[in-house]
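Structure assessment
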Number of protein chains: 2
Amino acid sequence: MVATASGVRTVSAQSLRDVVAEMFARVGMPAADAGFMGHCLVDADLRAVHSHGTRYAVSYVRNIQKGAWNPRPVIRIARDKAAIAVIDGDRGAGHVVSRYAMSLAIDRAKMYGTSTVSVRNSTHCGALAFYTQMAADAGCIGFASTTAGRLMAPWGGVDRIIALNPLSWAAPTDKPWSVDLDMATSIIAGSKLGLSIERGEKIPLGWALDEHGNPTDDPAAAQKGTLLPVGGPKGYGMSVCLDFLSGVLSGATFGRGLGGPGAGHIFQATDIQAFQPLSEFRRNMGALVDQIKQSTPAPGSSGIFLPGEIEWNNKVARQARGIPMTAGVMDEIERVATEVGVTARLVDI
Amino acid sequence: MVATASGVRTVSAQSLRDVVAEMFARVGMPAADAGFMGHCLVDADLRAVHSHGTRYAVSYVRNIQKGAWNPRPVIRIARDKAAIAVIDGDRGAGHVVSRYAMSLAIDRAKMYGTSTVSVRNSTHCGALAFYTQMAADAGCIGFASTTAGRLMAPWGGVDRIIALNPLSWAAPTDKPWSVDLDMATSIIAGSKLGLSIERGEKIPLGWALDEHGNPTDDPAAAQKGTLLPVGGPKGYGMSVCLDFLSGVLSGATFGRGLGGPGAGHIFQATDIQAFQPLSEFRRNMGALVDQIKQSTPAPGSSGIFLPGEIEWNNKVARQARGIPMTAGVMDEIERVATEVGVTARLVDI
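Just so it is clear, the structure is predicted and the values come from calculations on it, not from any experiment.

1. Here's the deal with the domain arrangement of chain A
Many analyses report the size of an interface as the accessible area lost when the parts associate. Residues and elements named next belong to chain A. With domains assigned, chain A is organised as domain 1 (1-72 + 312-349) and domain 2 (82-186 + 229-307). Taking only C-alpha atoms into account, the centre of domain 1 sits 24 Å from that of domain 2. With 18 residues of domain 1 in contact, the opposing surface of domain 2 contributes 18 residues. Summing the contributions of domain 1 and of domain 2, the shared interface buries around 1,600 Å²; its carbon and sulfur component is 64%. Inspection of the region where domain 1 meets domain 2 yields one salt bridge. For aspartate 33, the salt bridge identified is with arginine 99, shortest N-O distance 3.5 Å. The tally of links from domain 1 across to domain 2 stands at six residue pairs in polar contact (both at pLDDT 80 or more).

Below you can see the structure in the form of C-alpha cells.
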C-alpha cells in the first residue's frame, strides 16, 4: 500500500477492476455480473467521474450483505409491446439491470427504429453516461434518466420532495469519442456539501437553501435544507418531468416515495440508420464538433470541449498511466476485499 | 380600436383567432391550415406565452408573401420504418408541419408503444408545449425539440454557433391540465434584449456576454455578443444534444447552418397504456402534483406551481375575459389584415 503525502494512490485500472469484481463475486454475484460491476465502476473512475465510481463499491457490497440488494436478481420483462418494455429489476444492482435494459432498448430500436424501456424495482445505477454510450457505440442516439435522491424543494417551496434526477444523451461522431452529456438537475451534486464540511469551507450563495428556505453559505445548514435546481424553475421543471419519465411511467416510486427501495429508470435508443446512413450522421456530427471547437476562445478560457470529450481524454490518459484515487477510498476497498476473502490485489503505479 | 393609456388592448380570443386565420387564408393557405394557425398562435397568447403568439403573425405573413414560406406545402414522409419517420416539411409553416409530425408520432406510438418523428425543411414552429400537449391529450408522454436561433457561444468560446434550442416534455394528470414544461436552453429569450433596449434599461450581469466574451449589463452590447446558457456548461451541453436530435438526425441544418432556411424538429410520443392503465398513471401523476403543491412555501414565495399550471390558469381566465395584448401588436395586425383584404374584425373587451 502506497499512500502519498497528498492522500492520493495511483492504481492500475485492471487491478482495480479485478479487486472490485472479485468483491462482488465473493458476496454472491454471478461471475459475469461481478466482472461487469468492476468494468462499469472503474469506467467512471477512468473518466474521472469519481462520484459514480469505485468509491461506491463498499456501500454496494454492504447493501448486498444486508439483503437490500439482490446479488442474483431474476430480471424480467414485466410488460412488452413492440418498441417498448417494462423491466422489473428484482432489486439487482442497478448497473446490471440498466445494462440489460439499454441492451433491450438497442435491440428493439434496431427492429422498430426507436425504443423506450422503463425500469422499476432497480437500485442505484451509477453514471448514466455508461448506458447512453452503449447506445452510441451501437449506432444509436441514447437517452437515459433515473430517479435519484430527494434533495431539492419545488420552486417556491422548502420541503425536500424533488430529486436531483439526472439525464444523459449521447450520439456517435467521427471522432474516437461520442458526444455524451450526463448532468443532474441540481446546480451541484449532493456529495459536494459533505466535502465542504470536511474541509471547513463555506459554499457559494446560490447553491443551496437552509431548512427555512433562506439562501445559505453554510454547508451544514444546506445539508438540513435543500439544493437549488439548475436555472431555478427550469431545473425544477426538468426534475419533475424526469420523475414522471423514470418513476411514474415505470410503476416505480416517485415524489415523496423516492429514496426508499425500488429505483426507476428510463432508457431510450433511436437507431440512426433508420433515419440516414450512419456514416453521413457521423460526418455531420464531426462537422458540428469541429465548428464548435474552432470557436474563438473567451478571455480566460481553458479550451472548448464537447460533453463527454474531457471524460474521454481522462480515460485515455488513465488507462495508460493509472488512475489517481483518494487513498482512503482505496484503503477501505482493500480492507473490505480482505474481509470477504478477495485474492486479487491492487497494483499501485 | 381601443388603446388604453398603458398601451394594452384586451381582445376576445375568438376574434383574434378569426382575424389571424383569415390573414393566412388571404395569403394563400388552405382554409383548414389557416384556421389552425389562428388556433395555435392564439393558444400561446391565451397561455400568456406571448413570445410565441400572434405577435409573430405579421412576420409569418411576410415570409409567405416573399416566398420564404410555402403556404401550400406538400408535407411528405421521406423515410419510414415502424416506430420512426422522417418528415419533409416542404418549407410550410412550422406549426402546420409540426402538428402533422406529432399526430404521426402519436399514431405510431399507439401501434408500437413509442415513436420518434424527425422533421426537416420546416420553419418556425412556435411554442413546443402545443405539440407535447397534443400527446398528453392522447394519453401519451410527449417530447419535442427544435433548432432555433444561434445566439449562444460554446462554453469557453465567444462565437455565435450554439442555438437556444428549446425542449418540451408533457404528461397527463388527473387535473384539468397536464404537466407541460417548455424551456429554452438559454437563461433568457433573445427578445428580452430588444425590450430592454426599447425601455432604456440595463440587463442583469450573468444573462449575456459582449462580442469579446466579457460579461455585460448593456443589452445593445449583448445583442452583438451572446446569451449565456442556463446553468453554464449544462445548458451548453443540452443545446448541443438538442441540435443533434433536431438538426443532424433529421438531415436538416445544424451548427453554423442554423438561422438559414430549413428548420429541424423532433417529436416523440410514448403511449402510457402500453406501460400501465392510463387511469393509474393519471392517479399517480395527481399524487405527485399534490405532494409538490402541498410543500411548505419558501419565504416570499408566490405559490408552488407545476410546469404548465400557470399557463393553464391564464388560459381559463383569458378565455372568459379576453386577452390583454400589446396595443401596438394588435394595431399592426389590423393594419396588415386590412392590407390583405381580411373582413373579420378584432373585438375589444
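Now that the structure has been shown, we can carry on.
2. Describing the side chain of Thr226(B)
Counting through the fold element by element, Thr226(B) comes out in strand E11 (residues 226-227). Each residue touching Thr226(B), except ones within four places of it in the same chain, is listed here: Leu151(B), Met152(B), Ala153(B), Val158(B), Asp159(B), Arg160(B), Ala208(B) and Leu209(B).

3. A closer look at the sheet that holds strand E3 (residues 84-88) of chain A
Pairing between the strands of a sheet is mediated by backbone hydrogen bonds and can be parallel or antiparallel. Residues and elements named next belong to chain A. Read from one edge of the open sheet, seven strands run E2-E3-E4-E12-E5-E8-E9, paired in mixed fashion. With partners counted over all chains shown, the strands left at the sheet margins are strand E2 (76-81) and strand E9 (179-183), one partner each. Averaged over all pairs of adjacent strands, the angle between their axes in this sheet comes to 10°, without regard to strand direction. Bridging between strand E8 (residues 167-171) and E9 involves five bridges; their strand directions are antiparallel. Each bridged residue has a counterpart across the sheet, and for alanine 170 the counterpart in E9 is aspartate 180. Against the sheet, helix H4 (residues 94-112) engages E2, E3, strand E4 (114-122), strand E5 (140-146) and strand E12 (263-271), with an angle of about 30° to E12.

4. Points about the relation of the copies chain A and chain B
Here two copies of a chain appear, and what relates them is a rotation about an axis with a shift along it. In screw terms, the move from chain A to chain B is a rotation of 180° and a rise of 0.0 Å along the axis, fitting with an RMSD of 0.1 Å. On the angle and the small slide along the axis, the relation comes out as a two-fold axis. Looking at the rotation axis and the C-alpha trace of chain A, the residue lying nearest is Gly231(A), at 2.8 Å. The share of interface residues of chain A whose copies in chain B are also at the interface is 100%, consistent with both copies meeting through the same surface.

5. Things to note about the nonpolar core
Trp169(A), Phe244(A), Trp169(B) and Phe244(B) are the most contacted members of the largest nonpolar core, which has 86 residues in total. Each residue touching Phe244(B), except ones within four places of it in the same chain, is listed here: Ile141(A), Trp169(A), Ala170(A), Ala171(A), Val179(A), Phe281(A), Met285(A) and Leu249(B).

6. Side note on the interface of chain A and chain B
Contacts between the two partners involve 84 residues from chain A, matched on the other side by 84 residues from chain B. Summed over both sides, the interface between chain A and chain B buries roughly 6,400 Å², with carbon and sulfur atoms accounting for 70% of that surface. The three residues of chain A that bury the most area against chain B are Trp169(A), Lys234(A) and Phe275(A), which together make up 12% of that side's buried surface. The interface formed by chain A and chain B includes zero salt bridges. Our enumeration of links across chain A and chain B arrives at 31 residue pairs in polar contact (both at pLDDT 80 or more). Looking at the side of chain A that touches chain B, the element that brings in the most residues is helix H8 (residues 233-248) of chain A, giving eleven residues.

7. Concerning the pattern of salt bridges
All chains considered together, the criterion is met by 28 salt bridges over all chains. With its nearest N and O atoms 2.9 Å apart, the salt bridge here joins Glu334(A) to Arg9(A). With a gap of 325 residues between them, Glu334(A) in helix H11 (residues 327-339) and Arg9(A) in strand E1 (residues 8-11) connect regions that are remote in the sequence. Note on Arg9(A): relative accessible area 0%, which makes it buried. Across the pair Lys175(B) and Asp174(B) runs a salt bridge whose closest N-O atoms are separated by 3.4 Å.

8. Considering the packing of aromatic side chains
The description of an aromatic ring pair uses the distance of the two centres, along with the angle that the planes make with each other. Tallying each qualifying case throughout the model produces 16 aromatic pairs over all chains. Ring centres of Tyr56(A) and Tyr60(A) lie 5.4 Å apart, and the angle between their planes is 10°; this geometry places the pair in the stacked category. Residue class for Tyr56(A) comes out partly exposed when judged on its relative accessible area of 26%. According to the relative accessible area criterion, Tyr60(A) is buried, its value standing at 1%. Here Trp169(A) and Phe143(B) contribute two aromatic rings whose centre-to-centre distance is 6.2 Å and whose plane-to-plane angle is 45°, an arrangement assigned as tilted. On the criterion of chain membership, the pair formed by Trp169(A) in strand E8 and Phe143(B) in strand E5 (residues 140-146) is interchain, its members lying in two chains. Of the two residues, Trp169(A) and Phe143(B), both sit in the buried class. Cluster of aromatic residues (ring-pair linked, three or more members): Phe36(A), Phe130(A), Tyr131(A) and Phe267(A). Its end group placed over the ring of Phe36(A), Arg99(A) keeps NZ or CZ at 4.1 Å from the ring centre.

Each value, and the rule that gives it
Residues numbered from 1 in each chain as written. Chains lettered and ligands numbered in written order. Predicted model: local features only at pLDDT ≥ 70, side-chain atom pairs only at ≥ 80, totals over all residues. Heavy atoms only, no water. Domains from an automatic or database assignment. Contact = heavy atoms within 4.5 Å. Buried area = accessible area lost by both parts, 1.4 Å probe. Salt bridge = Lys/Arg side-chain N within 4 Å of Asp/Glu carboxyl O. Polar contact = N/O pair within 3.5 Å; in protein donor to acceptor, adjacent residues only side chain to side chain. Helix = DSSP H or I, 4+ residues; strand = E, 2+ residues; numbered from the N terminus. Pairing = 2+ DSSP bridges. Axes fitted to C-alpha atoms, helices over the stretch in contact; angles between N-to-C directions. Least-squares fit on C-alpha atoms with pLDDT ≥ 70 in both. Core = buried A, V, L, I, M, F, W, Y, C linked by side-chain atoms within 4.5 Å. Buried < 20%, exposed > 50% of the residue type's maximum accessible area, 1.4 Å probe, protein only. Phe/Tyr/Trp six-rings, centres within 6.5 Å; stacked < 30°, edge-to-face > 60°. Lys NZ or Arg CZ within 6 Å of the ring centre and 35° of its normal.

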